[in-house]
Amino acid sequence: MEYTVQKLARLAGVSTRTLRYYDEIGILKPARMNTSGYRIYGQNEVDRLQQILFYRELGIELESIKNIMNTPGFDGTKALKDHREKLLEKRKQLDVLIENVNKTICLKEGRIEMTDQEKFEGFKKKMIEENEEKYGEEIRNKYGNETIDQSNAKLMNMTQDQYERFTKLEKQVIETLVEAFATGDPSSELAQKTADLHKQWLTYTWKEYSKEAHAGLAQMYVDDERFKSYYEKQPGMTEFLRDAIHIYTKK
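Since we're looking at a predicted model, the values are computed, not measured.

A. Examining the packing of aromatic side chains more closely. One pass over the structure, following the stated rule, counts six aromatic pairs. Arranged with centres 6.2 Å apart and planes meeting at 25 degrees, the rings of W206 and Y209 form a pair that is stacked. Exposure remark for W206: the relative accessible area of 16% places this residue in the buried category. For Y209, a relative accessible area of 25% translates into the label partly exposed.

Printed below as a string of structure tokens:
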């Protein structure tokens, strides 16, 4: 079966503008143009669009999707299996949060008792699973499975107070980094305060702190774009943080 732009857009729940844009950037070309100059899409294009939308649902950028799908030997079946695994992981995350909400409702209604640790269990699990999905392979290769498993366990065992301080510290690191970056000096008092806050934040999940590991993590922030995007509130800010941490760890 063949589809015009309008029919395929209605079928897939996207706009015709989206399909035209996909054509422009080379991620989804029509099968042919008819005599009137209209784009015509066949079954292969329908299947490819489905793959694209699966990837988009997982939050992957279009340029990355294009590179993946245009790679010679791209296996559509394997890609679908990978999608399924990621969606199942998402469902597990949602199930944990839903269970947490249900327990909280029961608590509010006086039907059950709930420990402070249980109240935050869903959020902590979600944080761990998201970190594993984004950075798991890299950090496990660098630090080893045992170290990462211990770090995850330490996070899960945090009390409510510890968890609140942990998340507050994470925000403070960013806020202080922005102020320190304005000085342009990674050795400044503000920059060194940022590095110290970052150390404090790490100790909530690290079994033991080491200057070498701290400096190595700072370099990883610069080398890996996914880490870098978190700290790069302004161009050069991640490198500034690395330099500040390197100065801090050499004291």
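B. Fine view of the environment of E57. Positionally, E57 belongs in helix 3 (residues 43-57). The sequence separation of E57 and H83 amounts to 26 residues, and the corresponding C-alpha distance is 9.6 Å.

C. Layout of the side chain of T176. Note that T176 resides in helix 8 (residues 160-181). Take T176: its relative accessible area is 9%, and that puts it in the buried class. Within the structure, the side chain of T176 is placed 2.7 Å from the backbone oxygen of Q172, a separation counted as a polar contact. In contact with T176, not counting residues within four places along its chain, are L190, K193, T194 and L197.

D. Representation of the nonpolar core in the model. Core analysis: the biggest nonpolar cluster contains 28 residues, and W201, Y221 and Y231 have the highest contact counts within it. Counting residues per element, the ones that place at least two in this core are helix 8, helix 9 (189-203), helix 10 (211-223), helix 11 (225-231) and helix 12 (237-249). No other element matches the seven residues that helix 8 contributes to this core. If sequence neighbours within four positions are ignored, Y221 has contacts with H198, W201, F227, K228, Y231, T238 and L241.

E. Broad picture of the packing of helix 8 against helix 12. Axis separation between helix 8 and helix 12 bottoms out at 10 Å; the angle between their running directions is 95 degrees. Overall, the two elements helix 8 and helix 12 adopt an arrangement that is roughly perpendicular. Every residue of helix 12 that contacts helix 8 at L177, V178, A180 and F181 is listed here: M237, F240 and L241. For the contact of helix 8 with helix 12, the residue count by class is seven nonpolar, no polar and no charged.

F. The confidence of the model for the protein chain, seen in detail. Of the residues in the protein chain, 84% have a pLDDT of 70 or more, and the chain-wide mean is 83. Highest mean pLDDT in the protein chain belongs to helix 12 (96); lowest belongs to helix 6 (residues 116-143) (64).

G. Geometry of the packing of helix 10 against helix 12. The N-to-C vectors of helix 10 and helix 12 enclose an angle of 170 degrees; their axes lie 9 Å apart at closest approach. It follows that helix 10 is roughly antiparallel to helix 12 by the angle criterion. Crossing of helix 10 over helix 12 shows left-handed handedness. Listed contacts from helix 12 to K211, H214, A215, A218, Q219, Y221 and V222 of helix 10 are T238, E239, L241, R242, I245, H246, Y248 and T249. In terms of residue class, the contact of helix 10 with helix 12 is built from seven nonpolar, five polar and three charged.

H. Here's a closer look at the side chain of T205. Within the secondary structure, T205 sits in the loop between helix 9 and helix 10. You can call T205 buried: its relative accessible area is 11%. Here T205 is in contact with Q150, S151, K154, L155, M158 and F166, once residues within four sequence places are set aside.

I. Geometry of helix 4 (residues 62-69). Considered for burial, the residues of helix 4 that qualify are L62, I65 and M69. Buried residues along helix 4 cover an arc of 60 degrees about the axis, so they all sit on one side. Its buried side turned inward, helix 4 meets helix 2 (16-25) and helix 3.

J. Here's a closer look at the pattern of salt bridges. By the definition in use, this model includes six salt bridges. Measuring nitrogen to oxygen at the nearest pair gives 3.1 Å for the salt bridge that ties K29 to D23. Owing to a relative accessible area of 46%, K29 belongs among the partly exposed residues under this scheme. Between E239 and K228 there is a salt bridge, with its nearest N and O atoms 2.8 Å apart. A residue pair is termed long-range when its members are at least 10 positions apart, and E239 in helix 12 and K228 in helix 11 qualify at 11 residues.

Procedures and definitions
- Residues numbered from 1 in each chain as written.
- Predicted model: local features only at pLDDT ≥ 70, side-chain atom pairs only at ≥ 80, totals over all residues.
- Heavy atoms only, no water.
- Phe/Tyr/Trp six-rings, centres within 6.5 Å; stacked < 30°, edge-to-face > 60°.
- Buried < 20%, exposed > 50% of the residue type's maximum accessible area, 1.4 Å probe, protein only.
- Helix = DSSP H or I, 4+ residues; strand = E, 2+ residues; numbered from the N terminus.
- Polar contact = N/O pair within 3.5 Å; in protein donor to acceptor, adjacent residues only side chain to side chain.
- Contact = heavy atoms within 4.5 Å.
- Core = buried A, V, L, I, M, F, W, Y, C linked by side-chain atoms within 4.5 Å.
- Axes fitted to C-alpha atoms, helices over the stretch in contact; angles between N-to-C directions.
- Parallel < 35°, antiparallel > 145°, perpendicular 65-115°, else oblique.
- Nonpolar A, V, L, I, M, F, W, Y, C, P; charged D, E, K, R; others polar.
- pLDDT = per-residue confidence, 0-100.
- Left-handed = near helix turned anticlockwise from the far one by under 90°.
- Arc of directions from axis to C-beta.
- Salt bridge = Lys/Arg side-chain N within 4 Å of Asp/Glu carboxyl O.

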